[in-house]
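Notes for the structure review
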Amino acid sequence: MRRQLRLLLPVIAGAFVLTLLFGQLLVPGRVLLERDIPGLHLPMLTDLARLVKLGDAHWNPWIHGGQPLITNPHYAAFYPPTWLTFVLPVDYAIGLLVFLHAVWAFVGAWKLTARWGAGAHGASLAALAFVGGGAFVSSPNLLNLFMGLAWLPWAVSWGEQTMVAESGRDWISAGVKTALALAAQILAGSPVTPILSLLTLACLSLDLLPQKARPVLR
C-alpha cells in the first residue's frame, strides 16, 4: 500500500500543479483573454469554425479584406486538435486546447527524463519544471507556440530512440514517431518549435556519435 502511494505521489503532484495552473480554463464561462488570444486566435478560429460549417474553408472574407485561410499557419487548420473548435464553442475550445497540451507536455517531459534515468520522483520534478517554467506558462497567449512546445519532449524522446536503435524495425518505429511529432509542431503553426526540436536532436547526436556512430548516422 505504501509503495503504491509513493508511485502515485508524482501523479497526484502533476495533477495538482496542472489543475492549479490551467484548471480554471475548464470552467464553463471562463475565457482566456490575453495578448494574442482576443485579437488574433479567437476571431481567426471563430472564422475557421464558421467557414467549415459553411463548407468553404479556403478563404476568409471577414478579415483584412479577405485572406487565404488554409495556408495561414495561425489558423492551424490541418492540426487535428484545432478541430475541437468545430464541435465546441471556440472560446471554450481554446481553453481546452491549452489544458490538454499542458497535460501532454507534462507526460512527455516525464517520459523523456525517465528515459534518461530519472526515477519516478525525479521525472515528476522535471516534468513539473517544464510545464511550470516561465517559457511554457507564459506562452498560452501565443497559442501556436504553446501547442508546438507541448510536443518538444516527445520529439526529443522519440528522436533519441532513433539514434540508439540497434534493429531496423526499432529505428523505423521511432523514426515514424519522431516524424509525427515534428509534423505536429509544424502543423501547430509555429516554426520556432520544430527548429528547437531539431537543434536539440543535433546536440544529442553529437553527444551520442562516439558511442553509437552507426545508428546515429543512419
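What you see is a predicted model; the values in this text were computed from it and never measured.

Let us now look at the overall build of the protein chain. When helices and strands are counted, the protein chain shows 10 helices and 2 strands. Traced from its N-terminal end to its C-terminal end, the protein chain shows the element sequence α-α-β-β-α-α-α-α-α-α-α-α. If one aligns the C-alpha atoms of the protein chain with their principal axes, the spans along those axes are about 55 × 45 × 25 Å. Counting only residues that meet the buried cut, the protein chain has 43% of its 218 residues in that class. Counting only contacts in the protein chain whose residues sit at least 6 apart along the sequence, the fraction spanning at least 24 positions is 64%. Here the protein chain displays about 11,700 Å² of accessible surface, and carbon together with sulfur accounts for 68% of that area.

Quick look at the nonpolar core now. The tendency in soluble globular proteins is for nonpolar side chains to be buried as a group. Core analysis: the largest hydrophobic core is formed by 52 residues, its most contacted members being Phe22 and Phe136. Elements represented by at least two residues in this core include exactly helix H1 (2–22), helix H2 (36–54), helix H3 (90–115), helix H4 (120–132), helix H6 (143–150), helix H7 (152–164), helix H8 (168–187) and helix H9 (192–208). The dominant element in this core, judged by the number of residues it contributes, is H3, at 11 residues. Residue contacts for phenylalanine 136: discarding those within four places in its chain leaves Phe22, His101, Ala102, Ala105, Phe130, Val131, Phe146, Leu149 and Ala150.

Our focus in this paragraph is the packing of aromatic side chains. Taken as a whole and judged by the stated rule, the model has 8 aromatic pairs. The interplanar angle of 65° and the centroid separation of 5.3 Å between the aromatic rings of tryptophan 104 and tryptophan 151 together place this pair among those described as edge-to-face. Of this pair, tryptophan 104 sits in helix H3 while tryptophan 151 is found in the loop between H6 and H7, placing the two residues 47 residues apart along the sequence. Tryptophan 104 gets classed as partly exposed once you look at its relative accessible area, which sits at 30%. Seen in terms of ring centroids, phenylalanine 136 and phenylalanine 146 are 4.5 Å apart; in terms of plane orientation they differ by 35°. Their pairing is tilted. Linking phenylalanine 136 in helix H5 (residues 134–137) with phenylalanine 146 in helix H6, this pair joins segments that are 10 residues apart in sequence. Classification of phenylalanine 136 by relative accessible area gives buried; the value is 2%. Between arginine 50 and the ring centre of tryptophan 62, over which it is positioned, the NZ or CZ distance is 4.0 Å.

We now examine the pattern of salt bridges. A side chain of one charge can pair with a side chain of the opposite charge when the charged atoms of the two come close. Within this structure, the stated rule accounts for 1 salt bridge. When the shortest N-O distance is used, the salt bridge between arginine 115 and glutamate 160 registers 3.0 Å. Taken together, the residues arginine 115 in helix H3 and glutamate 160 in helix H7 connect sequence positions 45 residues apart. Relative accessible area serves as the criterion here: at 9%, glutamate 160 is assigned to the buried category.

Another aspect to go through is the confidence of the model for the protein chain. Considering every residue of the protein chain, the mean pLDDT works out to 86; 94% of them sit at 70 or more. Within the protein chain, H6 carries the highest mean pLDDT (94), whereas helix H10 (residues 213–217) carries the lowest (69).

Let us now look at the side chain of aspartate 47. Inspection of the secondary structure assignment puts aspartate 47 in helix H2. For aspartate 47, which is buried and forms no salt bridge, the nearest opposite charge comes from arginine 50, at a distance of 4.1 Å. In contact with aspartate 47, not counting residues within four places along its chain, are Asn60 and Trp62.

Basis of the calculations
Residues numbered from 1 in each chain as written. Predicted model: local features only at pLDDT ≥ 70, side-chain atom pairs only at ≥ 80, totals over all residues. Heavy atoms only, no water. Helix = DSSP H or I, 4+ residues; strand = E, 2+ residues; numbered from the N terminus. Buried < 20%, exposed > 50% of the residue type's maximum accessible area, 1.4 Å probe, protein only. Contact = heavy atoms within 4.5 Å. Areas by Shrake-Rupley, 256 points an atom, 1.4 Å probe, with all protein chains shown as cover. Core = buried A, V, L, I, M, F, W, Y, C linked by side-chain atoms within 4.5 Å. Phe/Tyr/Trp six-rings, centres within 6.5 Å; stacked < 30°, edge-to-face > 60°. Lys NZ or Arg CZ within 6 Å of the ring centre and 35° of its normal. Salt bridge = Lys/Arg side-chain N within 4 Å of Asp/Glu carboxyl O. pLDDT = per-residue confidence, 0-100. Lys, Arg positive; Asp, Glu negative; His and termini not counted.

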